Amino acid sequence: MMQEALARHGLEALTSFGAGDYVSELHCLFLLMGGGSPDEFDINTIGLNNNNTSGSYANSLPASKSGRSDASDNATVTNAATKCCCEVGVMEEEPLPGKALGLVLLRYTYSNNPEMFSHQRPHSEYMLDALLERAKKCSGVCHRFMNEVLDRACDVKVVDVDVDGGKSRALFCAGHFIKGSLLFRGLGIEEDFKGCVAHMRACEPYQFALALNTIGLCYEKGKGVEKDVGKSFQFYMMAAVKGVLIAQGNVAMCFWNGTGVEMDKKEAFSWFKRSSALPVSCSKLSHCYRIGEGVDKDPQESLRLLKFAAEQGVANAQYKLAQQTSDPAAAWKLLMLAAAQGYSNAQCEVGKALLKGKGVDKNTAEASRYLRMAAAQGNHFALARLAAMYQYGDGVPLDNFEAFRLFSQSAELGNRAAQSEVGRCYYTGRGVNKDYSLAVHWFRKGLANPRKGGYGMAHNSLARCFRDGHGVARDTAEAFRLYSMAALHGNLISQFNVGVCLENHVGTPAKDTREAMRWYRLAASRGNTPSVRRLESIITKSTRRAQQPQDDTM
């Protein structure tokens, strides 16, 4: 059966690490999921067997898809789990509380999302992570039962390893680790980051690697402790050298971003390789091979790794693969898969495609829905796009105040186009009181990074402020400089304005109609109508002057 095969596969993965603390930890955690060893693991004994050949779990497990009420489901599972725990002797005088907890969590994993195990993740830490995520589905009664079991595990007296082979230590640490994990995620009990850290710290003297990784995460995010990326890196490294894949991936990211340690792309690549059993690390390796960071460029290897990560459900990989796929249908499918996982960049792209009708039927209502989902996660691109919809009444009611609010949120997150738009709102008084000084402030923030070649509307708008003396002292030379910078980098409106300055001697060393015409022609060739009109005007005036009779009077 699939469950038994997965159990055996997981245990084989544990033994592949060789003898060491991490093996004991994962072995203990596997006990929490209802198994002990390939010989001890018995689907029938722990009540997870299903003789239904159709593959449905609805008959043996109370899944939400089976049509039963939630209250009935919760009561049935709790009672069945308790019964099974008694049958295998884990709720007697000398209980093994971990197995009782594992039964409850494992049952709810299957009952709420049995297809989760269709992707046979190779390591037990993945399975544990999935169990913890699914624990949120449990009822209050079930959570109380789990917490009682956990509290009993946390109270276990740790004895010398030679006395019981480390079982008491493993159970003590696993109890604290899972209780801390539930507190971190707010599953069944109120979210409490300080409580999480306290439970993880209880495992620290025993160098329980998974707990060390979580302590590192708390330091990195400032959850329950004062943020300290240096300490975060130290804890990640302690867990990584013990073989924790997720910790190895975290160490790789620290080296990649220079978080708590000096940035070192080659070292990052090395740790990504070590944690390559993690699909997310494969996604990062793909990026390394694509741009030649930490390793020589290898487009074929990059694509292979990206496809693998995408197939394993890594949303970022699905999104990137969609951008590289020439088949529109395949690209759309990948985008939708990533968007369904809540990946905000994919949600934003889906929204933009639906808004423009690009490759799909135009649907502004659905576009708005996807953009809102991405915006709710703080995606500044989605916030700016949604703001533009309100600015022009595209699929939503025209609302300049809402547009300004959304542009402001995007601008605060660093979106340069939004920063320029906020400046324009202050300059024109659209959706907010007119304020030239604040307009200049936001135009300055919106000046793009020259290394990215992003000269645009912020330069053009700030140049207008200098030209007219709005919010700053009038300085036509600075206005011309800003127009020229943007024009040289392809900004269409700035190309027209450079022509205007040259034609009218505004901020330029001298009037230069010929050079003005060159800029007008460039802008006109790109569809700028005002440039066409200026060219026509200059040519008309020149023709009239040529046709005027010459005065031959001496």
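About the thresholds
Residues numbered from 1 in each chain as written. Predicted model: local features only at pLDDT ≥ 70, side-chain atom pairs only at ≥ 80, totals over all residues. Heavy atoms only, no water. Helix = DSSP H or I, 4+ residues; strand = E, 2+ residues; numbered from the N terminus. Buried < 20%, exposed > 50% of the residue type's maximum accessible area, 1.4 Å probe, protein only. Contact = heavy atoms within 4.5 Å. Areas by Shrake-Rupley, 256 points an atom, 1.4 Å probe, with all protein chains shown as cover. Patch = residues over 30% accessible without salt bridge, like charges linked within 9 Å, V, L, I, M, F, W, Y side chains within 5 Å. Salt bridge = Lys/Arg side-chain N within 4 Å of Asp/Glu carboxyl O. Lys, Arg positive; Asp, Glu negative; His and termini not counted. Charge placed at Lys NZ, Arg CZ, Asp CG, Glu CD. Phe/Tyr/Trp six-rings, centres within 6.5 Å; stacked < 30°, edge-to-face > 60°. Lys NZ or Arg CZ within 6 Å of the ring centre and 35° of its normal. Expected span 1.5 Å × (residues − 1). Arc of directions from axis to C-beta. Polar contact = N/O pair within 3.5 Å; in protein donor to acceptor, adjacent residues only side chain to side chain. pLDDT = per-residue confidence, 0-100. Axes fitted to C-alpha atoms, helices over the stretch in contact; angles between N-to-C directions. Parallel < 35°, antiparallel > 145°, perpendicular 65-115°, else oblique. Left-handed = near helix turned anticlockwise from the far one by under 90°.

A. Spotlight on the overall build of the protein. Scanning the protein from terminus to terminus reveals 28 helices and zero strands. Relative to its 554 residues, the protein shows a buried fraction of 47%. Residue pairs in contact within the protein that sit at least 24 positions apart in sequence constitute 49% of those at least 6 positions apart. Of the accessible surface of the protein, which amounts to about 27,000 Å², a share of 50% is contributed by carbon and sulfur atoms.

B. Highlighting a positive patch on the surface. Judged by side-chain charge, Lys511, Lys541, Arg544 and Arg545 come together as a positively charged surface patch. Among the secondary structure elements, Lys511 is positioned in the loop between α26 (492-504) and α27 (513-525).

C. Spatial organisation of unusual backbone geometry. Of note in the backbone geometry, Gln207 takes a positive phi value of approximately 50 degrees without being a glycine. Summarising the element assignment, Gln207 is placed in the loop between α9 (193-203) and α10 (209-221). Overall, Gln207 belongs to the partly exposed group, its relative accessible area being 28%. For His505, which is not glycine, the phi torsion reads 55 degrees and is therefore positive.

D. Summary view of the packing of aromatic side chains. This model, assessed by the stated rule, comprises twelve aromatic pairs. Ring centres of Phe177 and Phe208 lie 5.9 Å apart, and the angle between their planes is 50 degrees; this geometry places the pair in the tilted category. With Phe177 in helix α8 (residues 167-185) and Phe208 in the loop between α9 and α10, the pair connects residues that are 31 residues apart, well separated along the chain. Assigned by exposure class, Phe177 and Phe208 land together as buried. Clustering of aromatic rings is evident, with ring pairs tying together Tyr427, Tyr436 and Phe443. Here Lys265 stacks its cationic end above the ring of Trp256, 3.8 Å away from the centre of that ring.

E. Focus on the pattern of salt bridges. What the rule picks out here adds up to eleven salt bridges. In this structure, Arg201 and Glu204 form a salt bridge, with 2.7 Å as the shortest nitrogen-oxygen distance. Overall, the relative accessible area of 23% leaves Glu204 in the partly exposed class.

F. Structural context of helix α14 (residues 279-291). Here α14 spans 19 Å end to end across 13 residues, near enough to the 18 Å set by a 1.5 Å rise per residue. Across the 13 residues of α14, ten count as buried, placing the element largely inside the fold. Every buried residue of α14 is listed here: Pro279, Ser281, Cys282, Ser283, Lys284, Leu285, Ser286, His287, Cys288 and Tyr289. Remark: Gly292 follows α14 within two positions and exhibits a positive phi of approximately 70 degrees.

G. Summary view of helix α17 (residues 328-340). Between its first and last C-alpha, α17 extends 18 Å over 13 residues, near the 18 Å set by a 1.5 Å rise per residue. The set of residues buried in α17 consists of Ala331, Leu334, Leu335, Ala338 and Ala339. For α17, the buried positions fall inside an angular range of 135 degrees around the axis, keeping them on one side. Exposed residues on α17 whose side chains face more than 90 degrees from its buried face are Ala329, Lys333 and Ala340. Next to the buried residues of α17 lie α16 (315-324), α18 (344-356) and α19 (364-376). Where α17 begins, the capping side chain belongs to Asp327, and its oxygen is found 3.1 Å from the backbone nitrogen of Ala329. Immediately beyond the C-terminal end of α17, within one or two residues, lies Gly342, with a positive phi of roughly 90 degrees.

H. Structural context of the environment of Ala309. By secondary structure assignment, the location of Ala309 is in helix α15 (residues 299-311). With relative accessibility at 0%, the residue Ala309 sits in the buried group. Separated by 29 residues in the primary sequence, Ala309 and Val280 have C-alpha atoms spaced 6.5 Å apart. The contact partners of Ala309, leaving out residues within four places of it in the chain, are Pro279, Cys282, Ser283, Val314 and Ala317.

I. Focus on the confidence of the model for the protein. Mean pLDDT over the protein works out to 76, with 69% of the residues at or above the 70 mark. Across the protein, helix α21 (residues 400-412) holds the top mean pLDDT of 96, while helix α1 (residues 2-15) sits lowest at 34. Residue range residues 1-128 is modelled with pLDDT below 50. Its contacts to residues more than four positions away, or to other chains, number 209 contacts. Within the model, pLDDT remains below 50 along residues 134-139, and this stretch shows 18 contacts once partners closer than five positions in the same chain are excluded.

J. Structural view of the packing of α26 against α27. Here α26 crosses α27 at 160 degrees, and the two axes come no closer than 8 Å. For the element pair α26 / α27, the angle class is roughly antiparallel. The chirality of how α26 crosses α27 is left-handed. Counting all contacts with α26, which are made through Leu492, Gln495, Phe496, Val498, Gly499, Val500, Leu502 and Glu503, the residues of α27 involved are Glu515, Ala516, Trp519, Tyr520, Leu522 and Ala523.

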